[in-house]
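A look at the structure
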Amino acid sequence: MTQRGTGFTRRGIMGLGAAGLALAASAPGPARAEKVRTPARILILGAGAAGTTFANRMVERLEGAEITLLDDRLQHFYQPGFSLIGAGLKPARYAVSPTGEWLPAGVRWIKEKAAEIDPVAKAVTTARGTRLAYDYLIVATGLVLDYGAIEGFSPEMIGTGGIGSVYAGPDAAARTWTAAARFAEEGGQGLFTRPATEMKCAGAPLKHTFLIDDIARSRGGRPKAEFTYFSNNETLFSVPIVHEKLRMLFGNRGIATAPSHVLTAIEPGQRRAFFRTPEGLVERPYDYIHVIPPMRAPDVVRNSPLPWADRWTDQGWVEVDMGTLRHSRFPEVFAIGDVAGVPKGKTAASVKWQVPVVEDHLIAAIEGREGAASYNGYTSCPMITRVGRAMLIEFDYQNNLVESFPGIVAPLEELWISWLMKEIALKATYNAMLRGRA
Ligand SMILES: Cc1cc2nc3c(=O)[nH]c(=O)nc-3n(C[C@H](O)[C@H](O)[C@H](O)COP(=O)(O)OP(=O)(O)OC[C@H]3O[C@@H](n4cnc5c(N)ncnc54)[C@H](O)[C@@H]3O)c2cc1C
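Below: a short report on this structure.

Criteria and thresholds
Residues numbered from 1 in each chain as written. Predicted model: local features only at pLDDT ≥ 70, side-chain atom pairs only at ≥ 80, totals over all residues. Heavy atoms only, no water. Buried < 20%, exposed > 50% of the residue type's maximum accessible area, 1.4 Å probe, protein only. Helix = DSSP H or I, 4+ residues; strand = E, 2+ residues; numbered from the N terminus. Pairing = 2+ DSSP bridges. Axes fitted to C-alpha atoms, helices over the stretch in contact; angles between N-to-C directions. Phe/Tyr/Trp six-rings, centres within 6.5 Å; stacked < 30°, edge-to-face > 60°. Lys NZ or Arg CZ within 6 Å of the ring centre and 35° of its normal. Salt bridge = Lys/Arg side-chain N within 4 Å of Asp/Glu carboxyl O. Lys, Arg positive; Asp, Glu negative; His and termini not counted. Polar contact = N/O pair within 3.5 Å; in protein donor to acceptor, adjacent residues only side chain to side chain. Contact = heavy atoms within 4.5 Å. Near = heavy atom within 4 Å. Areas by Shrake-Rupley, 256 points an atom, 1.4 Å probe, with all protein chains shown as cover. Nonpolar A, V, L, I, M, F, W, Y, C, P; charged D, E, K, R; others polar.

**Describing the pairing of strand S4 (residues 66-70)**
For S4, a buried count of 4 out of 5 residues is recorded, marking the element as mostly surrounded by other parts of the structure. Pairing geometry for strand S2 (residues 41-45) and S4, over 5 bridges, is parallel. Within S4, the residue paired with Ile 44 across the bridge is Leu 69. With 4 bridges joining them, S4 and strand S7 (residues 107-110) adopt parallel strand pairing. Looking at the pairing, Thr 68 lines up with Arg 108 of S7.

**Some details on the pairing of strand S17 (residues 262-267)**
Strand direction decides the pairing type here: S17 and strand S18 (residues 272-277), joined by 5 bridges, are antiparallel. Following the sheet pairing, Glu 267 is matched in S18 by Arg 272. Counted between consecutive antiparallel strands, the loop separating S17 from S18 contains 4 residues, among which Arg 271 sits at a positive phi close to 55°.

**Some points on the sheet that holds strand S10 (residues 131-133)**
Strands sit in the order S8-S9-S10 across an open sheet of 3 strands; the sheet is antiparallel. Only two strands of the sheet have a single neighbouring strand rather than two, namely strand S8 (114-118) and S10. On average, adjacent strands in this sheet sit at an angle of 20° to one another, irrespective of strand direction. Pairing geometry for strand S9 (residues 123-126) and S10, over 3 bridges, is antiparallel. Across the sheet, the residue bridging to Val 124 is Leu 132, located in S10.

**Description of the packing of aromatic side chains**
Enumeration over the complete set of coordinates arrives at 15 aromatic pairs. Their ring planes at 50° and their centres at 5.2 Å tell us that Phe 183 and Phe 227 sit as a pair that is tilted. Separated by 44 residues along the polypeptide, Phe 183 in helix H5 (residues 170-186) and Phe 227 in strand S15 (residues 225-230) bring together distant segments of the chain. With relative accessibility at 3%, the residue Phe 183 sits in the buried group. Taking the relative accessible area as the measure of exposure, Phe 227 reaches 1% and is therefore buried. Here the aromatic residues Phe 183, Phe 192, Phe 227 and Tyr 288 are joined through ring pairs into a cluster of three or more. Cation over ring: Arg 311 sits above Trp 308, and NZ or CZ is 5.0 Å from the ring centre. It is Lys 346 that lies over the ring of Trp 317; its NZ or CZ is 4.2 Å from the centre.

**Looking at the pattern of salt bridges**
Taken as a whole, this structure holds 21 salt bridges when the rule is applied. Of the charged contacts in the structure, one is a salt bridge between Glu 319 and Arg 329, with a shortest N-O distance of 2.8 Å. Here the residue Glu 319 occupies a position in the loop between helix H8 (299-302) and strand S22 (333-335), and Arg 329 occupies one in the loop between H8 and S22, the gap between them amounting to 10 residues. The class for Glu 319 is buried, based on a relative accessible area of 12%.

**Considering the side chain of Asp 396**
Secondary-structure assignment places Asp 396 in the loop between strand S24 (389-395) and helix H10 (416-434). In this structure Asp 396 is buried but unpaired, with Lys 344 as the nearest side chain of opposite charge at 7.3 Å. Of note is the side chain of Asp 396, whose polar atom sits 2.9 Å from the backbone nitrogen of Gln 398. If near-sequence neighbours (up to four positions away) are discounted, Asp 396 is found in contact with Lys 344, Asn 376, Gly 377, Tyr 378 and Val 402.

**A short note on the site of the ligand**
The environment of the ligand is made up of 33 residues, and the closest members are Ala 50, Asp 71, Asp 338, Ala 349 and Lys 422. One of the backbone nitrogen or oxygen atoms of Ala 49 is found 3.1 Å away from an oxygen atom of the ligand. Here an oxygen atom of the ligand and a backbone polar atom of Ala 349 are 2.9 Å apart. Across the complex, the protein chains shield 96% of the 1000 Å² of accessible surface that the ligand would expose by itself. Looking at the shell around the ligand, the elements with two or more residues in it are helix H3 (49-61), helix H4 (82-85), helix H6 (204-219), helix H9 (348-366) and H10. Here the shell around the ligand is built from residues that sort into 17 nonpolar, 8 polar and 8 charged.

Spelled out as structure tokens, the structure:
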């Protein structure tokens with residue numbers, strides 16, 4: 001699963017964070033082969049980062065295909081922007097655009113959710129009961145935030161009583177900033193959490209901690225504040241060298257860590273949080289708490305035959321081959337984006353690498369041959385460490401650091417250029433990706 005193994009150029013497969021710079025050099029996107037004629041019925045579930053990107057690329061590659069996209073969400077969310085909104089650096093509208101704006105002509109958009117998937121009969125039933133038969137199914141539903149698993153919590157609390165959660169959407173991220181800004185001025189106990197499940201952008205909980213620490217220094221609250229980061233296991237990040245760097249940075253900034261602490265409940269009235277630890281339940285008071293709930297595949301996927309039977313059984317990710325992203329038992333089914341059951345890759349940058357791989361195998365299947373492309377687990381995280389500085393961390397399944405700009409952007413250094421990639425270039429690149437051009 002080397003980069004060469006994918007059969008694409010380096011520029012074509014560069015991750016989103018780094019690709020911001022490539023985009024500035026106005027890369028035209030991958031060269032297009034001649035269109036393939038086919039009457040195939042391709043059904044895509046989800047019009048988020050993965051589904052939209054895939055739909056745009058299919059329209060370019062196929063002629064005569066019936067491409068259908070199912071999603072009832074009328075607004076597209078640029079989720080990497082939530083971290084900036086949650087720190088008061090962008091308004092909520094920065095992350096919102098109409099879904100329809102990104103969808104190509106030639107794709108039928110049904111504004112409904114998928115309610116049932118029957119991969120044996122090769123059909124999906126929509127929420128209003130329409131049955132859609134398919135030849136190929138692309139599962140791109142993203143994931144759900146299981147706030148209900150945190151006792152005493154409900155998303156309406158975000159922004160009040162010292163509670164934040166940048167994950168819950170653009171408005172919730174803006175309300176998070178209201179609560180975080182107060183803490184940054186007044187100080188107190190700040191608790192920063194992450195869930196024990198797989199999660200999208202595992203860097204986001206850390207970014208929020210770093211940003212609020214930095215902002216508290218300029219707003220006067222830092223000397224009166226205590227910061228604690230609660231990790232679900234003994235590490236701060238799954239890539240060992242990154243964990244080590246983060247441990248040093250947290251030490252330098254006076255941010256305490258509490259390993260193997262998983263948030264299970266809060267008492268908002270009393271401002272108390274409860275953590276499951278190997279030693280039993282631990283109670284901690286807070287003035288500000290950043291809550292990130294467990295994440296799981298949507299029910300439509302979890303209740304279908306598609307998830308792994310022996311892995312992530314409480315989460316329900318789709319059972320796909322980690323290289324081809326093709327279902328292990330239903331070869332006409334693929335999964336891309338957050339819902340894919342692979343050990344890494346729950347970022348928009350991963351989507352950029354995953355989509356061409358599935359495209360390759362789908363076109364090959366239509367043409368009656370084997371595809372060659374393979375996803376190597378590429379995941380990218382512009383790890384913001386303060387306002388104006390970030391580390392561009394890119395890695396693969398083997399935890400190798402993958403450098404898109406060797407000698408220019410060092411992955412473990414806090415750089416202004418890496419900050420610019422997150423703050424400016426990433427959104428432009430993401431938008432180009434959605435249109436199938438990056
Ligand atoms: C706070 C935060 C910060 C992040 N930062 C970064 C970053 O810096 N860099 C980066 O690369 N990534 C980042 N990400 C992650 C990135 O946004 C996601 O990995 C990416 O959006 C995944 O794309 P997706 O298409 O799988 O899911 P989504 O973009 O979430 O889209 C899923 C779509 O599926 C639809 N859907 C759900 N259920 C159904 C159904 N039953 N039927 C039909 N449709 C359905 C939903 O309505 C939605 O439109 C961040 C995410 C968050 C929350």
